[in-house]
Amino acid sequence: MYKDPIEETEEYKKIESELEKELDERFKDAPRGLGFCHVYWHAKKKLLKEKYNIDWKSPSELNPFIIFD
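Residues numbered from 1 in each chain as written. Predicted model: local features only at pLDDT ≥ 70, side-chain atom pairs only at ≥ 80, totals over all residues. Heavy atoms only, no water.

Peer 1: An account of the environment of Gly35 is requested, with residue identities and associated values reported.
Peer 2: Note on placement: Gly35 falls in the loop between helix H1 (10-26) and helix H2 (36-52). Assessed through its relative accessible area of 23%, Gly35 is described here as partly exposed. As for Gly35 and Phe68, which are separated by 33 residues in sequence, their C-alpha atoms are 7.5 Å apart. (Helix = DSSP H or I, 4+ residues; strand = E, 2+ residues; numbered from the N terminus. Buried < 20%, exposed > 50% of the residue type's maximum accessible area, 1.4 Å probe, protein only.)

This is the structure we're talking about:
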């Protein structure tokens, strides 16, 4: 499975902890059933672009032949 190489950059690593905390807070009460990964990845992609100006590709974008649920 492919992973976005941006996640290995210093730029990403510097903000990773803050990013995860913000996403955890945003989804603290959200049900984490089927399909949640898509909601999470969408929010992560948007937050990375808007707050950090980082263009990130989700696992579903990088692995179009894998079905994520």
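Peer 1: Lay out the environment of Leu19 in plain terms, naming residues and giving numbers.
Peer 2: If you trace the backbone, Leu19 turns up in helix H1. Sequence spacing of Leu19 and Ile67 is 48 residues, and the spatial spacing of their C-alpha atoms is 25 Å. Dropping the residues within four chain positions of it, Leu19 is found in contact with Tyr12, Lys44, Leu47, Leu48 and Tyr52. (Contact = heavy atoms within 4.5 Å.)

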